[in-house]
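Residue-level structure breakdown
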Amino acid sequence: MGKYDDIIDLPHHVSKVHPQMSIWDRSAQFAPFAALTGHEEAIAETARLTNEWHEPDEDKKRELDEKMNELMMLYRKRNFGLYDENVINTMAGNYFEVTYFVPDEHKEGGSYEHVTGYLKKLDSIGHLMIVVDDNGTETVIDTRRIYDIDLR
C-alpha cells in the first residue's frame, strides 16, 4: 500500500464558507515577483546617451562675441527707442538660429539644441537670452552655453 492511497480517490474539497478563487486570481499567485521595481527604468536611463560640452576655440569665441554684439545692438536700439515705429514692427522678422548646449539634469553631459526665432530679451549680466519662435514659444538660453549663432 502507498503513502497516499487512502486519500487519492477522495473528491476535491470545496469550502462552504469561502468563495472559490477565480482562475485569474489563482494565476496571479504564480506571477513573477517584481523585486527590482524601477530596475528597467534605471537601465533605460543609464543607456540614454548624452553629448559632451565642447568649448568653442578662440576663433569661434571671437566670432560668437561679434554676433552677440550685433544682437545686443539690435536689442538696445529696439528697447531704448532708437528705431522708429515701423522698424520696431519689423524686428520680429529679424530671425536667427542659435545652437546651444543644455546640461542633462540626471547625468553628466547633455544635448545640443537649436532654436530659430527673434530676440525678445538679452540679459548680459545674468547670461540669459530669450528667443521667441514662430509659435510664440519662448526659449531661455544660457549665453555661456551658446555654441553657434546664425544671423541669417
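Treat the numbers as computed from the prediction; the structure is a model and nothing was measured.

1. Focus on the confidence of the model for the protein chain
- The share of residues in the protein chain with pLDDT of 70 or more is 88%, and the mean pLDDT across the chain is 84.
- Counting interchain partners and residues more than four positions distant, the pLDDT-below-50 stretch residues 83-92 has 10 contacts.

2. As for the nonpolar core
- Core analysis: the largest hydrophobic core is formed by 16 residues, its most contacted members being Phe96, Val98, Met129, Ile141 and Ile146.
- Of all the elements in the fold, those that place two or more residues in this core are helix 3 (58-79), strand 1 (96-103), strand 2 (110-123), strand 3 (128-132) and strand 5 (146-150).
- If you tally residues by element for this core, the top one is helix 3, at five residues.
- Apart from residues no more than four positions distant in its own chain, Ile146 is found in contact with Trp53, Pro56, Leu64, Met68, Val98, Thr99, Tyr100, Met129 and Ile141.

3. Comments concerning the packing of aromatic side chains
- In total, this model carries six aromatic pairs according to the counting rule given.
- Here Trp53 and Tyr147 contribute two aromatic rings whose centre-to-centre distance is 6.4 Å and whose plane-to-plane angle is 80°, an arrangement assigned as edge-to-face. You can see Trp53 sitting in the loop between helix 2 (39-47) and helix 3 and its partner Tyr147 sitting in strand 5, a full 94 residues away along the chain.
- When its relative accessible area of 31% is taken as the criterion, Tyr147 is described as partly exposed.
- When the centroid spacing of 6.2 Å and the interplanar angle of 50° are considered together, the rings of Tyr95 and Tyr118 count as tilted. Placement of the pair is Tyr95 in the loop between helix 4 (85-90) and strand 1 and Tyr118 in strand 2, with a sequence separation of 23 residues.
- Assessed through its relative accessible area of 24%, Tyr95 is described here as partly exposed.
- In this structure Tyr118 comes out as partly exposed when scored by relative accessible area, which is 24%.
- Members of the aromatic cluster, connected to one another through ring pairs, are Trp53, Phe101, Tyr112 and Tyr147.

Definitions and cut-offs
- Residues numbered from 1 in each chain as written.
- Predicted model: local features only at pLDDT ≥ 70, side-chain atom pairs only at ≥ 80, totals over all residues.
- Heavy atoms only, no water.
- pLDDT = per-residue confidence, 0-100.
- Contact = heavy atoms within 4.5 Å.
- Core = buried A, V, L, I, M, F, W, Y, C linked by side-chain atoms within 4.5 Å.
- Buried < 20%, exposed > 50% of the residue type's maximum accessible area, 1.4 Å probe, protein only.
- Helix = DSSP H or I, 4+ residues; strand = E, 2+ residues; numbered from the N terminus.
- Phe/Tyr/Trp six-rings, centres within 6.5 Å; stacked < 30°, edge-to-face > 60°.

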